[in-house]
Every structure is written in C-alpha cells, then in structure tokens.
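An overview of the molecular structure
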Amino acid sequence: MRLLDRPSRPARPFPRLRGPARPSPGGRPRPVRELVLIAALFGVYKLGRLLSSGRVSEAFGNAHRVWDMERALDLPSETDVQHGLLHSEFLVHAANCYYAFVHFPAMAAFLLWIYLRRPAHYRWVRRIVVALTGAGLVLHLVVPLAPPRMLTATGLIDTGARYGPAVYGAPQTDTMANQYAAMPSLHIGWAAVIALGLIAASRTRWRWLWILHPVMTFAVVVATANHYWLDGAVALALLAVATAFLRPPRALCRPGGVQAGADRGAGTDQEARTG
C-alpha cells in the first residue's frame, strides 16, 4: 500500500506533556538548595572550630614556633606594623571595624551578587569556597594556633579589646568562636576568593582594583594582632591549590564567556518558567 493511501493516525486527545527543563551546567542552581547547603557548611565549620578549642597548651606551643620561624625567615615584624597603626586612634578603630564587620557580610554580598548576575561563575566560586574552608577547618583541627595578640613575647596588644569594637570575649568563656584557630587566616582566604571571583566575572578595566580587598585585609589582620604573616601565606597557598584543581568551565575562559555565562543562566531560568 502506498504511503498516500495509509489512513492518518487519529490525533491524541491530550498532547504529551514535557517535564520541566533541566538546568544546564551553567544555569543558576535552586536558591533553597543553595541556602540549605551554605547553612549546613557553615554549621559544620563552626562545630569543627569549637571541637578543637580545648588544646590550649598545644596552641601556645605552636604560636611560639610560628613566631620563631618568621624571625628565622627574616619576615617583617608584626609588631612594627601595629606600632605604625597605633599612631592614629582613628586608624585603629577603622581597622578594628574592618576586621569585625567586613568578613562575613562581604562574602555574603559577593555570593549573592555572583549567584544572581553570573550563575555560571557561581558554581565554580562555590566549589572554591567549600574547598578552601574545608582545608582551613582541617588545619584548625590539626594545628591549633594562638593568635599573636595572646602571645606575650610578641609585644602586641589586642586592639579590639583596647580601642573597640571587640570581636572576642575571654577565650575561656567564648562559646561562639574558637580563638585558637589562627592557622590559616580565612579572613585573608575569603577576601582573596572575592577578589578572584569579581575579577574573573567582571569586564570593566577597573576590576583589578578588587585586589585591594585582600591586601587591605592582610594588613588589618596583622596590624590588629589577630594573625601572623604565615597564617595569610598558608591561606593563599591553599587557595592556589584549590584553583589549580578546580578550574573554571572552559566556556568562561573564552572571549565573551562572561556574558555568555550570564545569558545562558538567564535563558535557563526563562525555559524553566515557560517549559
């Protein structure tokens, strides 16, 4: 029988319904899942820091070793940096405020911006943050370290307690933070992640100015006697290792990849709403 003589198939009473479009690898993740993931990771991080808070003598022993190692390496003295800051009470107060109020809000604002505006970059940045924070938690557990403000031999003072605002209370009664987890400095590590992510996700010629954020953070944590030079150096080394293994998607490395990633994320959201 010829094709033209075949009876046509009856139309189906109901069209086949298609499921919702699956997000592409560069699409924006679901916000509820991301919030739950971030909250869970933050809870694990805080719990891990508190679990390592009882090794006080070991933390002070490591602090003396770090201080002696820095002097053997002929690194600039943290004491000289702090003495330069102490010439101005305004600068001391500004540095204390930067340490107290910029760390978490800056990371939260950065993650929100890159999630909304650069979803393809967000997935890569999230992996970097998780890897860096996880590695930092492991070091906090393995190498407890008293900060230089607690080490009498340094000649440093706790600028937060002396001039305010103070971030920490007495270590013996502080149940919110482990003050013997100076190695590595996640203040510096997170600030470097923010600069890295904004430089990678932006197109303006001024994007390189974001490097000033980790530079300023490094100066602040040292001048306020919350971290040693080596705390920041180790954090940057961990970040370098993380970025070496967790490279951004190839599409983001090609010319126009930044805008393409943003457009692809927006397109995926539109398909999910209309599909």
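Residues numbered from 1 in each chain as written. Predicted model: local features only at pLDDT ≥ 70, side-chain atom pairs only at ≥ 80, totals over all residues. Heavy atoms only, no water.

Quick notes on the overall build of the protein
Helix and strand counts for the protein stand at 12 helices and zero strands. Starting at the N terminus and ending at the C terminus, the protein contains elements arranged as α-α-α-α-α-α-α-α-α-α-α-α. Within the protein, the fraction of its 275 residues that count as buried is 42%. Restricting to contacts in the protein with at least 6 residues of sequence separation, those with at least 24 account for 83%. Within the structure as shown, the protein displays about 16000 Å² of accessible surface, and the carbon and sulfur contribution to it stands at 65%. (Helix = DSSP H or I, 4+ residues; strand = E, 2+ residues; numbered from the N terminus. Buried < 20%, exposed > 50% of the residue type's maximum accessible area, 1.4 Å probe, protein only. Contact = heavy atoms within 4.5 Å. Areas by Shrake-Rupley, 256 points an atom, 1.4 Å probe, with all protein chains shown as cover.)

As for the nonpolar core
Core analysis: the biggest nonpolar cluster contains 22 residues, and Met107, Phe110, Val125 and Val193 have the highest contact counts within it. Secondary-structure elements contributing two or more residues to this core are α5 (103-117), α6 (119-142), α8 (186-201) and α10 (229-245). Not counting the four nearest positions on each side in its chain, Val193 is found in contact with Met107, Phe110, Val125, Ile128, Val129, Leu132 and Leu239. (Core = buried A, V, L, I, M, F, W, Y, C linked by side-chain atoms within 4.5 Å.)

As for the pattern of salt bridges
Summed over the entire model, instances satisfying the criterion amount to six salt bridges. Its salt-bridge partner being Glu70, residue Arg71 comes within 3.5 Å of it at the nearest N-O pair. On the accessibility criterion, Arg71 (29% relative accessible area) is partly exposed. For Glu70, a relative accessible area of 0% puts it in the buried group. It is possible to trace a salt-bridge network through shared partners that takes in Arg33, Glu34 and Arg126. (Salt bridge = Lys/Arg side-chain N within 4 Å of Asp/Glu carboxyl O.)

Considering the packing of α6 against α8
Two elements in contact, α6 and α8, have axes separated by 11 Å at closest approach and are oriented at 165°. As the angle between them shows, α6 and α8 are arranged roughly antiparallel. As for the relative orientation of α6 and α8, their crossing is right-handed in sense. Counting all contacts with α6, which are made through His121, Trp124, Val125, Ile128, Val129, Leu132, Thr133 and His140, the residues of α8 involved are Leu186, Gly189, Trp190, Val193, Leu196, Gly197, Ala200 and Ala201. For the contact of α6 with α8, the per-class residue count stands at 11 nonpolar, five polar and no charged. (Axes fitted to C-alpha atoms, helices over the stretch in contact; angles between N-to-C directions. Parallel < 35°, antiparallel > 145°, perpendicular 65-115°, else oblique. Left-handed = near helix turned anticlockwise from the far one by under 90°. Nonpolar A, V, L, I, M, F, W, Y, C, P; charged D, E, K, R; others polar.)

Comments concerning the packing of α8 against helix α9 (residues 212-223)
Between α8 and α9, the least distance of the axes is 8 Å, while the angle of their chain directions is 170°. The orientation of α8 relative to α9 falls into the category roughly antiparallel. In this structure, α8 contributes His187, Ile188, Ala191, Ala192, Ile194 and Ala195 to the contact, and α9 contributes His213, Pro214, Thr217, Phe218 and Val221. Its residues assigned to classes, the contact of α8 with α9 comprises eight nonpolar, three polar and no charged.

Concerning α8
Quick reminder: α-helices carry 3.6 residues per turn. Residues three or four places apart thus point the same way. Compared with the 22 Å implied by 1.5 Å per residue over 16 residues, the 22 Å span of α8 between its first and last C-alpha is a close match. Burial analysis of α8 places 14 of its 16 residues in the buried class, which makes it a mostly covered element. (Expected span 1.5 Å × (residues − 1).)

Distances and angles like these do not, on their own, reveal function.
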